[in-house]
Amino acid sequence: MLALGVAADRFTYPSVLRACGELRDASVGREIEQRVRSWGYGLDMYVWNALVGMYAKCEEMEDARRVFDGMPARDVVSWNAMVSGYASAGMWGEAFDLLQWFPGANIVTWNAVAAGNLKAGNDSEVIRLLSQMRSFHGPGLDSVTVVIGLRACARSGYLKIGKELHAVSIRLRFDRLEHVESSLITMYSRCQRMSSAYRLFRTCSTQSVVIWNSLLAGFGFMDQVEEAILLFREMIYSSVFPNDVTVLTMLSLSARFGHLCHGREMHCYIIKHGLGASNILQNSLVDMYSKSRQMAAAQRVFDQMQCQDRHAYTSLILGYGMQREGHLSLKLFDEMIANNIKVDHVTMVAVLSACSHSGLVTQGQLRFAEMFDVFCIAPRVEHFSCMVDLYCREGLLSMAEEIINKMPLQPTAAMLATLIEACRIHGKTEIGDRAAKRLLAMRTNNPGHYKSIANMYISAKRWPELAKLRSLMSVMELNMIPTRSLLESEYDICPVEQDYCLNRSLHGGLSYDMTDTDFSSSEEVKCNEAFGG
């Protein structure tokens with residue numbers, strides 16, 4: 001436009017600046033600001049506000065504040081842009097300071113600050129803000145405010161406050177809006193009130209796919225697999241077409257609970273309805289097959305993906321590691337780095353777990369050292385847990401004890417219990433006794449941990465220590481129930497990996513009744529190929 005000699009005006013610049021904000025391109029925005037100031041459009045309110053909004057979206061808050069402070073006059077748009085910008089950037093002190101000076105702050109501004117806190121995980125601050133908003137605005141609250149509050153309650157389990165917001169939504173007649181109904185179902189299910197969530201679902205004004213997904217996710221959160229299966233089938237029979245979120249939820253349950261048959265049915269559903277192009281669903285399938293130890297199927301899905309990202313690689317690395325094929329896991333990890341795919345802490349857990357299962361001590365030590373030196377990832381508890389498990393499996397108990405003593409974080413009870421069980425197996429009672437004292441000091445309520453200590457004392461014929469342990473368990477009213485050995489479990493997976501690696505991802509699946517499925521010949525071929533014929 002400029003090259004053709006067509007002059008820009010005060011209506012042109014706001015549109016271009018909004019585009020810069022959407023693209024997060026502050027450098028072009030600065031060039032436009034210079035042009036605006038040189039051409040004399042700087043006094044126009046629309047242009048000023050567009051500049052503030054552009055810098056705020058680009059998280060260049062110093063530039064946004066510079067423009068804001070230099071404005072000869074400000075309106076509600078100017079203030080909202082600055083406050084919401086500070087909130088989105090997590091600069092809560094600046095946001096609140098500005099909010100105090102905001103003449104006539106409206107509900108949009110308050111919502112912006114509350115949403116920013118929600119995004120940052122400050123749920124208690126969201127609730128405090130909502131309380132202030134009700135005091136200042138009363139019936140001026142809108143449905144966005146209610147949804148923000150319900151999401152904070154769902155995440156933190158604030159059932160009482162969630163019920164109050166439900167009452168507010170009824171009083172203000174927001175309770176029949178789809179996004180409010182969906183948030184209410186999610187809140188009740190996350191607060192472990194599935195009966196309330198289910199009753200609300202049955203009385204919803206419109207049972208759209210969003211509403212169905214909310215209840216399905218609730219059953220998934222509560223690990224109510226059969227209920228989720230029945231609801232999914234009812235959804236199909238009700239002529240409500242599932243979307244990617246629905247299928248992802250169902251695949252999540254299949255992966256978590258090892259329901260391979262349901263996962264395969266969902267795979268067929270994805271193929272039949274042409275959902276295979278979704279990278280999220282493909283990642284979920286790789287994860288589901290990997291956790292079900294169907295590595296050939298997982299590899300086929302992985303090979304057919306157009307975009308093999310970090311999640312897919314991590315699932316495969318973990319799956320091969322569970323099968324004790326650590327060399328394949330490390331080969332995939334090296335391939336991932338060669339393809340310039342960014343490594344995160346979850347990938348490193350999968351890599352270290354694979355080394356542990358395959359007895360690759362040197363490789364495990366090398367990869368653990370590379371975490372900070374090469375990938376700038378600070379080791380977390382789960383990474384130290386993998387290293388302890390690696391050393392314990394190979395009988396390097398002194399090294400396991402050393403890493404526990406030197407780690408900058410407090411060891412978990414499961415980590416100490418793993419060391420104690422390894423000491424029993426290898427007859428290293430001295431190291432096990434030190435670990436047992438630390439574990440007993442934690443006063444854990446897991447009877448399996450005390451059973452490991454007892455087994456070690458029995459193997460070493462340390463009867464006085466055993467008597468003291470039984471006395472302590474009697475005082476704590478713990479039953480000495482039989483438990484599987486931490487290092488000799490059926491699937492040879494340590495508790496750390498079960499807790500963190502295997503149950504972490506949100507990929508899994510549920511059942512779809514395929515008896516009435518009418519596949520075309522090409523779809524049938526695709527299904528056969530997917531499952532290896």
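What counts, and where the lines are drawn
Residues numbered from 1 in each chain as written. Predicted model: local features only at pLDDT ≥ 70, side-chain atom pairs only at ≥ 80, totals over all residues. Heavy atoms only, no water. Helix = DSSP H or I, 4+ residues; strand = E, 2+ residues; numbered from the N terminus. Buried < 20%, exposed > 50% of the residue type's maximum accessible area, 1.4 Å probe, protein only. Contact = heavy atoms within 4.5 Å. Salt bridge = Lys/Arg side-chain N within 4 Å of Asp/Glu carboxyl O. UniProt positions renumbered as here; feature names shortened; annotations may be inferred. Phe/Tyr/Trp six-rings, centres within 6.5 Å; stacked < 30°, edge-to-face > 60°. Lys NZ or Arg CZ within 6 Å of the ring centre and 35° of its normal. Axes fitted to C-alpha atoms, helices over the stretch in contact; angles between N-to-C directions. Parallel < 35°, antiparallel > 145°, perpendicular 65-115°, else oblique. Left-handed = near helix turned anticlockwise from the far one by under 90°. Core = buried A, V, L, I, M, F, W, Y, C linked by side-chain atoms within 4.5 Å. Domains from an automatic or database assignment. Nonpolar A, V, L, I, M, F, W, Y, C, P; charged D, E, K, R; others polar. Expected span 1.5 Å × (residues − 1). Arc of directions from axis to C-beta.

Quick look at the side chain of Thr 429 now. Looking at the secondary structure, you find Thr 429 in helix H26 (residues 429–441). The buried category is assigned to Thr 429, whose relative accessible area is 16%. Apart from residues no more than four positions distant in its own chain, Thr 429 is found in contact with Ala 460 and Arg 462.

Here we come to the pattern of salt bridges. Scanning all chains against the criterion turns up 24 salt bridges. For Glu 234, the salt bridge identified is with Arg 202, shortest N-O distance 2.9 Å. With Glu 234 in helix H14 (residues 225–237) and Arg 202 in helix H12 (residues 194–202), this pair connects stretches of sequence that are 32 residues apart. Note on Arg 202: relative accessible area 35%, which makes it partly exposed. Across the salt bridge formed by Asp 344 and Arg 310, the nearest N and O atoms sit 3.1 Å from each other. Separated by 34 residues along the polypeptide, Asp 344 in the loop between helix H20 (326–338) and helix H21 (345–358) and Arg 310 in helix H19 (residues 310–322) bring together distant segments of the chain. Among the residues examined, Arg 310 registers a relative accessible area of 24% and is labelled partly exposed. Through salt bridges with shared partners, a single ionic network connects Arg 30, Glu 33, Arg 37, Glu 60, Asp 63 and Arg 66.

Attention now goes to the UniProt feature "repeat: PPR" (unreviewed entry) in the protein. In the numbering used here, UniProt assigns the "repeat: PPR" (unreviewed entry) feature to residues 44–78, 208–242 and 309–343. Summarising residues 44–78: 71% helix, 0% strand, and an end-to-end C-alpha distance of 12 Å. Across residues 309–343, helical content stands at 74% and strand content at 0%; the span's end C-alpha atoms are separated by 10 Å.

A full pass over the atoms with the stated rule returns 7 aromatic pairs. Residues Phe 232 and Tyr 269 carry aromatic rings whose centres are separated by 6.3 Å and whose planes lie at 75 degrees to one another, so their mutual orientation is edge-to-face. Within this pair, whereas Phe 232 is found in helix H14, its partner Tyr 269 is found in helix H16 (residues 260–272), the two being separated by 37 residues in sequence. On the basis of relative accessibility, which here comes to 2%, the residue Tyr 269 falls in the buried class. Aromatic side chains Phe 302 and Tyr 313 sit 5.0 Å apart centroid to centroid with 80 degrees between the ring planes, which places their arrangement in the edge-to-face category. One end of the pair, Phe 302, is in helix H18 (residues 295–304); the other, Tyr 313, is in helix H19, and 11 residues separate them in sequence. Judged on exposure class, the residue Phe 302 and its partner Tyr 313 are both buried. Aromatic rings pair up to connect Tyr 198, Phe 201 and Trp 212 into one cluster. Above the plane of the ring of Phe 68 lies Arg 74, whose end atom (NZ or CZ) is 4.4 Å from the centre.

Closest axis-to-axis distance for the helix H2 (residues 26–39)/helix H3 (residues 45–57) pair is 10 Å, and the angle between their directions is 160 degrees. Between H2 and H3, the interaxial angle falls into the category roughly antiparallel. In the packing of H2 onto H3, the handedness of the crossing is left-handed. Here Ala 26, Gly 29, Arg 30, Glu 33, Val 36 and Arg 37 of H2 come into contact with H3, specifically with Val 47, Trp 48, Leu 51, Met 54 and Tyr 55.

Moving on, we get to the nonpolar core. Among the nonpolar cores identified, the biggest contains 156 residues, and Met 187 and Leu 419 are the most heavily contacted of them. When residues of this core are assigned to domains, at least three fall in each of domain 1 (1–105) and domain 2 (408–476). Those residues in contact with Met 187, other than ones at most four positions away along the chain, are Leu 150, Cys 153, Ala 154, Leu 159, Gly 162 and Lys 163.

Turning to its location among the elements, Leu 472 is positioned in helix H28 (residues 463–475). Each C-alpha atom of the pair Leu 472 and Tyr 450 lies 9.7 Å from the other, and the pair is 22 residues apart in sequence. Sequence-distant contacts of Leu 472, defined by excluding residues within four places in its chain, comprise Leu 440, Arg 443 and Tyr 450.

It is worth spelling out the packing of helix H23 (residues 381–393) against helix H25 (residues 413–426) at this point. Where H23 meets H25, the axes come as close as 10 Å, and the angle between the chain directions of the two elements is 5 degrees. When the interaxial angle is binned, H23 and H25 end up roughly parallel. On H25, the residues that touch Val 381, Phe 384, Ser 385, Val 388, Asp 389 and Cys 392 of H23 are Met 415, Thr 418, Leu 419, Ala 422 and His 426. For the contact of H23 with H25, the class distribution of residues is 7 nonpolar, 3 polar and 1 charged.

The next subject is H28. Spanning 13 residues, H28 covers 19 Å between terminal C-alpha atoms, matching the ideal 18 Å at 1.5 Å per step. What H28 keeps buried is the set Leu 466, Leu 469, Leu 472 and Met 473. For H28, the angular spread of the buried residues around the axis is 120 degrees, confining them to a single face. Structural note: H28 exposes Pro 464, Lys 468, Ser 474 and Val 475 on the side pointing more than 90 degrees away from its buried face. In this fold, the buried residues of H28 make contact with H26 and helix H27 (447–460).

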